Amino acid sequence: MSILIKNGRIITAADDYRADILIEGEKISAIGHNLSVPGAMEIDASDRLVFPGGIDPHVHLDMPFMGTFSSDDYESGTRAALHGGTTMVIDFVLQTQGDSLYSALKTWQQKSEGKALGDYSYHMAITDFNEHTRKELKPLIEEEGITSFKTFMAYKGALMIDDGQMVDLMQEVKKLGGMVTVHATNGDMIDKLIAKHRAEGKLSPLYHYLSQPEITEAEASGRFVDMAWYTGVPAYIVHLTCEGALNQVRDASKRNQKVFVETCIQYLLLDASLYEKDFEGAKWVMSPPLRQPKDQQTLWAGINQGLVQVVATDHCPFMWEQKQMGRNDFSKIPNGHPALEHRMELLFSEGVHKGRISPNTFVAVSSTNAAKIFGMYPRKGCIAVGADADLVIFDPNHRHTLSANTHHMKVDYSAYEGWEVTGKCETVLLRGKVAIDKGEVLVEKGYGQFIKRAKVSKVV
Ligand code: URP
Ligand code: ZN
Ligand code: ZN
């Protein structure tokens, strides 16, 4: 059946106008005034905003990490994402050191196939770049549609690669038309600080924060930016948190180098004072850690300056019981926090409603730029004839309160308990189907599709 969304205020990364949207099958087939289609299901969007479905390009679903697994799997995670207007996520396939990329891919396919409610793709995390791995890159890009390769400059012994491997990988990926992304913090320096704090008996969550000072991120970001400049590879820094790191990217722009930057909703809204709450601070133990108010200001400004193109979540939830693994030692607290469901509403409320960013910028950083950078535009991330009908019908005045009692993520606390939010995702469509309507889920598990991505990242 066709769907006709009537008279909504359509917001894209570039435009803001009132029109009707006709959906036939999975696609948008017409946009215009006074459209009328006999037999179409009509949705009145007169007092509503209509924007493209959100894309969160940084999530960890069912991920093995620090001796446990992140608690949201593909079913619960993508369902929660849809509730919050995110119609597509990009997760990370993690290579096991010593093993192949394809065997890791198979593991992630088993985690996701038939389970996801929302659309998804993968970044491939390279934790061991060797001659065998090198040969796997081309088929991954050309046959699997996995065109972005994640690297870690921290988590030594598990995920980290050294600078030699980094440059080697960058040269290969550049040749093949892909992109290298990075968790940019200085792993050796952090390990040293962790060891020092533990030896001094400083074991509370506060010392997680104090083991990863701003300089550890600024230094690694600068090093990554320089290696990307040397090799010429398209480059993207994930979860950038602070002024020092963003200044490295700002400086690189003076030599006409473009490095894409993602921050996450928590780094815009929360700060390191949360680590002073004794063990409750474990809820926000993540890497990099939350920073200072001056860093939040830098990041909001960075969005408006075009230096930060994407606001993701790094959604990596753990049950409170799992966080207890580090009750007596901060270095054993599983790193990560839950945010996937709330990213769009928090960003709208704190960003648009409070006047920090425009509605167009909101759409750009929550959806369009990720689609462009990661090779999915204009199928995803826009409202245009021929695009997938991934749409959010949004009530900008609906006030509500976030809580673990009402959220849909599989985690028994909220990192945003009691936050008052203005604006609610009322109806969410994914590829032409109403997926969420006023809190009710209308798609089944298995509806979510793997989306193959193209090589070229469009300039944002
Ligand atoms: O604390 C975090 N960020 N956990 C997930 C792994 C990562 O570094 O992104
Ligand atoms: Zn990371
Ligand atoms: Zn992550």
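Quick notes on the site of ligand 1
Consideration 1: Near ligand 1 you find His58, His60, Phe65, Tyr155, His183, His239, Met286, Ser287, Asp314, Cys316, Asn335 and Gly336, and these make up its full shell.
Consideration 2: For ligand 1, an oxygen atom lies 2.8 Å from a polar atom in the backbone of Ser287.
Consideration 3: Between ligand 1 and Asn335 there is a distance of 3.1 Å, counted from a nitrogen atom to a backbone nitrogen or oxygen.
Consideration 4: In isolation ligand 1 exposes 260 Å². Once the protein is present, 99% of that is buried.
Consideration 5: Residues belonging to the shell around ligand 1 are distributed by class as follows: 4 nonpolar, 7 polar and 1 charged.

Quick notes on helix 3 (residues 131–142)
Consideration 1: Among all positions in helix 3, only Thr133, Arg134, Glu136, Leu137, Leu140 and Ile141 are buried. Projected down its long axis, helix 3 carries its buried residues within an arc of 160°, all on one side.
Consideration 2: Check the buried side of helix 3 and you find it contacts helix 2 (101–112), strand 10 (119–125), strand 11 (148–152) and helix 4 (163–176).
Consideration 3: At the N-terminal end of helix 3, a side-chain oxygen is found 3.0 Å from the backbone nitrogen of His132, two or three residues along, and the residue is Asn130.

Section: the coordination of the zinc ion (ligand 2)
By definition of the ideal shapes, four donors in a tetrahedron about a metal sit 109.5 degrees apart, and six donors in an octahedron sit 90 or 180 degrees apart.
Consideration 1: Each protein donor to the zinc ion (ligand 2) is listed here as His183 (ND1) and His239 (NE2); together their distances run 2.0 to 2.1 Å.
Consideration 2: Metal-centred angles of 56 to 151° between the 4 donor atoms at the zinc ion (ligand 2) mark the site as irregular.
Consideration 3: If you look at the zinc ion (ligand 2) and the zinc ion (ligand 3), they sit 3.8 Å from each other. With His183 in strand 12 (residues 179–183) and His239 in the loop between strand 13 (235–237) and helix 8 (243–253), this pair connects stretches of sequence that are 56 residues apart.

Details of the coordination of the zinc ion (ligand 3)
Consideration 1: In the first shell of the zinc ion (ligand 3), the protein supplies His58 (NE2), His60 (NE2) and Asp314 (OD), at 2.0 to 2.2 Å from the metal.
Consideration 2: Geometry at the zinc ion (ligand 3) is irregular, judged from the 4 donor atoms that bind it and their angles of 84 to 136° at the metal.
Consideration 3: Sequence spacing among the residues donating to the zinc ion (ligand 3) works out to H-x1-H-x253-D.

Here we look at the domain arrangement of the chain
Consideration 1: With domains assigned, the chain is organised as domain 1 (3–51 + 382–412 + 420–441) and domain 2 (53–373).
Consideration 2: Computed over C-alpha atoms only, the centres of domain 1 and domain 2 are separated by 28 Å.
Consideration 3: Residue-level contacts link 36 residues of domain 1 with 37 residues of domain 2.
Consideration 4: When domain 1 packs against domain 2, close to 2,900 Å² is buried across both sides, 65% of that on carbon and sulfur atoms.
Consideration 5: Considering only the side of domain 1, the residues that lose the most area to domain 2 are His408, Met409 and Lys410, jointly responsible for 22% of the buried surface there.
Consideration 6: Viewed at the interface, domain 2 and domain 1 are joined by 2 salt bridges.
Consideration 7: Arg431 is paired through a salt bridge with Asp119; the nearest N and O atoms lie 2.7 Å apart.
Consideration 8: For the side of domain 1 that touches domain 2, the secondary-structure elements that each account for two or more residues are strand 1 (3–11), strand 5 (49–52), strand 16 (391–401), strand 17 (420–430) and strand 18 (433–437).
Consideration 9: The element that contributes the greatest number of residues to the side of domain 1 that touches domain 2 is strand 17, accounting for 9 residues.
Consideration 10: Here the side of domain 1 that touches domain 2 is composed, by residue class, of 20 nonpolar, 7 polar and 9 charged.

What about the pattern of salt bridges?
Consideration 1: Scanning the model with the defined rule gives 40 salt bridges in all.
Consideration 2: When the shortest N-O distance is used, the salt bridge between Lys202 and Glu200 registers 2.9 Å.
Consideration 3: Overall, Glu200 belongs to the partly exposed group, its relative accessible area being 38%.
Consideration 4: Because the salt bridges share partners, they merge into one network encompassing Glu26, Lys27, Asp119, Arg379, Lys380, Asp388, Asp390 and Arg431.

Cut-offs and rules
Residues numbered from 1 in each chain as written. Chains lettered and ligands numbered in written order. Predicted model: local features only at pLDDT ≥ 70, side-chain atom pairs only at ≥ 80, totals over all residues. Heavy atoms only, no water. Near = heavy atom within 4 Å. Polar contact = N/O pair within 3.5 Å; in protein donor to acceptor, adjacent residues only side chain to side chain. Areas by Shrake-Rupley, 256 points an atom, 1.4 Å probe, with all protein chains shown as cover. Nonpolar A, V, L, I, M, F, W, Y, C, P; charged D, E, K, R; others polar. Buried < 20%, exposed > 50% of the residue type's maximum accessible area, 1.4 Å probe, protein only. Helix = DSSP H or I, 4+ residues; strand = E, 2+ residues; numbered from the N terminus. Arc of directions from axis to C-beta. Contact = heavy atoms within 4.5 Å. Donors = N, O, S within 2.8 Å, 3.2 Å for Na, K, Ca; no water. Tetrahedral: all angles 85-135°; square planar, octahedral: opposite > 155°, others 65-115°. Domains from an automatic or database assignment. Buried area = accessible area lost by both parts, 1.4 Å probe. Salt bridge = Lys/Arg side-chain N within 4 Å of Asp/Glu carboxyl O.

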